[in-house]
Amino acid sequence: MIEPAPPTFKKVPLLMQAREPKTKAKLLHCQVIPTYNEVENISVLVERIENLRAHLPFDLMIIVVDDNSSDGTADKVKQLMEKFGNVKLIQRPGLMGLGSAYMDGFAYSISNFNADYVGEMDADLQHPPEVLGEMMKRASEGVDVVVASRYIPGGGSADWSFGRRLISRGANLLTRICLRVPIKDATSGYRLIGQRAIKGLFEYQLSSKGYSFQVESLYAYKKLGMTFAEVPYKFETRKAGETKLNTKEIWRFFRTTVKTGILGLKKKEKEGQAH
Ligand SMILES: Nc1nc2c(ncn2[C@@H]2O[C@H](COP(=O)(O)OP(=O)(O)O)[C@@H](O)[C@H]2O)c(=O)[nH]1
Ligand SMILES: [Mg+2]
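Residues numbered from 1 in each chain as written. Chains lettered and ligands numbered in written order. Predicted model: local features only at pLDDT ≥ 70, side-chain atom pairs only at ≥ 80, totals over all residues. Heavy atoms only, no water.

(A) Molecular detail of the coordination of the magnesium ion (ligand 2). Protein coordination of the magnesium ion (ligand 2) is provided by Asp-122 (OD), Asp-124 (OD) and Gln-126 (OE1), with donor distances spanning 2.0 to 2.1 Å. Written as a sequence motif, the donor residues of the magnesium ion (ligand 2) are D-x1-D-x1-Q. With respect to class, Asp-124 is no different from Gln-126; both count as buried. (Donors = N, O, S within 2.8 Å, 3.2 Å for Na, K, Ca; no water. Buried < 20%, exposed > 50% of the residue type's maximum accessible area, 1.4 Å probe, protein only.)

In structure tokens:
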């Protein structure tokens, strides 16, 4: 079994991490954005999120997790950090996988900022940040896991190749059959998750560092008894750069989904209680 990568960030000293502006009474959402060679997308995305911020029901921080991109993504994020005090950067030494990037981003958000909610979102502008308001609204109604969905009325995907549609539909069908999660778009990488669901997730021994993290984590939330909701969105065309999803990751996804359906997930305790 592959061990999840250990967190590679250092806890930020308290003085350096003040949330600003301190509006309190509002809950805090940390939007985690993993990046690998997204230099052309990241500033457009961050600017779009910043433009929305004042209209959102929660305070918002942006946590970029960069895996030593060769195109200068991290330097671009450092420039954004000078402009926006609510942007943070976790720099990791090399490509370590989407799932491990999210786990590091979540752990950082909870341990440094005691985030009430964390979010998942691609850096490539496929996930329109304008949907965040509706996702936060559902969360504030008491939902633990809000998934932005292509496969409910109002959702969809623009300009997606036949091959990608087939993979996405097939992956969703397999996930629903194997894991019986109450979500139409189980592979969606656009999510908002409450603190108690994340703390529960940390107790599980996830086997995947990559894309199959999405279904493993959903299964863990189900086992934890979390509540779910889906909000429709239109999956947009990648604006620049290339997808990091490759054949190896797709096979790993299918294997992990079937394996999780049969064996369940193990908790981290030594005795390894299967579910
Ligand atoms: N830090 C980090 N980011 C990754 C990794 N793999 C993918 N990403 C980022 O995760 C997001 C989703 O990947 P993407 O290539 O858009 O996948 P797709 O939407 O399924 O085609 C993008 O922002 C990528 O840059 C990784 O191993 N590490
Ligand atoms: Mg993408």
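(B) Quick peek at the site of ligand 1. Close to ligand 1 lie 19 residues, the nearest being Glu-38, Asp-67, Asp-124, Thr-243 and Lys-244. A distance of 2.8 Å separates an oxygen atom of ligand 1 from a polar atom in the backbone of Pro-34. Contact between ligand 1 and Arg-164: an oxygen atom at 3.1 Å from a side-chain N or O atom of the residue. Taking 570 Å² as the accessible area of ligand 1 by itself, protein coverage stands at 95%. (Near = heavy atom within 4 Å. Polar contact = N/O pair within 3.5 Å; in protein donor to acceptor, adjacent residues only side chain to side chain. Areas by Shrake-Rupley, 256 points an atom, 1.4 Å probe, with all protein chains shown as cover.)

(C) Representation of the nonpolar core. One finds Phe-106, Val-145, Leu-201, Leu-218 and Tyr-221 to be the most contacted residues of the largest nonpolar core, which totals 42 residues. Those elements that place two or more of their residues in this core are strand 1 (28-35), strand 2 (59-66), helix 3 (98-113), strand 5 (145-149), helix 5 (162-179), helix 6 (195-202) and helix 7 (213-223). At eight residues, the largest contribution of residues to this core is made by helix 3. One finds Ile-33, Tyr-117, Ala-139 and Tyr-190 within the second-largest nonpolar core, a separate group that totals 37 residues. (Core = buried A, V, L, I, M, F, W, Y, C linked by side-chain atoms within 4.5 Å. Helix = DSSP H or I, 4+ residues; strand = E, 2+ residues; numbered from the N terminus.)

(D) Local environment of the sheet that holds strand 9 (residues 228-232). Spatially, 3-2-1-4-7-5-9 is the arrangement adopted by the seven strands of the open sheet, whose pairing is mixed. Edge strands, defined here as strands with exactly one partner in the open sheet, are strand 3 (87-91) and strand 9. Sheet twist, expressed as the mean angle between neighbouring strand axes with direction ignored, is 20°. Direction of pairing for strand 1 relative to strand 4 (residues 117-120): parallel, over a ladder of four bridges. Along strand 4, the bridge assignment pairs Val-32 with Glu-120. Against the sheet, helix 6 contacts strand 4, strand 5 and strand 7 (191-194), and its axis sits at roughly 85° relative to strand 7. (Pairing = 2+ DSSP bridges. Axes fitted to C-alpha atoms, helices over the stretch in contact; angles between N-to-C directions. Contact = heavy atoms within 4.5 Å.)

(E) Just the packing of aromatic side chains, in detail. Under the definition given, this model contains nine aromatic pairs. Judged by centre distance (4.8 Å) and plane angle (5°), the ring pair of Phe-58 and Tyr-117 falls under stacked. Of the two residues, Phe-58 sits in the loop between helix 1 (39-52) and strand 2 while Tyr-117 sits in strand 4, which places them 59 residues apart along the sequence. For Phe-58, a relative accessible area of 3% gives the class buried. What makes Tyr-117 buried here is its relative accessible area of 11%. Taking the centre distance of 6.3 Å and the plane angle of 75° together, the rings of Tyr-233 and Phe-235 count as edge-to-face. One residue, Lys-267, lies across the ring of Tyr-204, its end atom 5.2 Å from the ring centre. (Phe/Tyr/Trp six-rings, centres within 6.5 Å; stacked < 30°, edge-to-face > 60°. Lys NZ or Arg CZ within 6 Å of the ring centre and 35° of its normal.)

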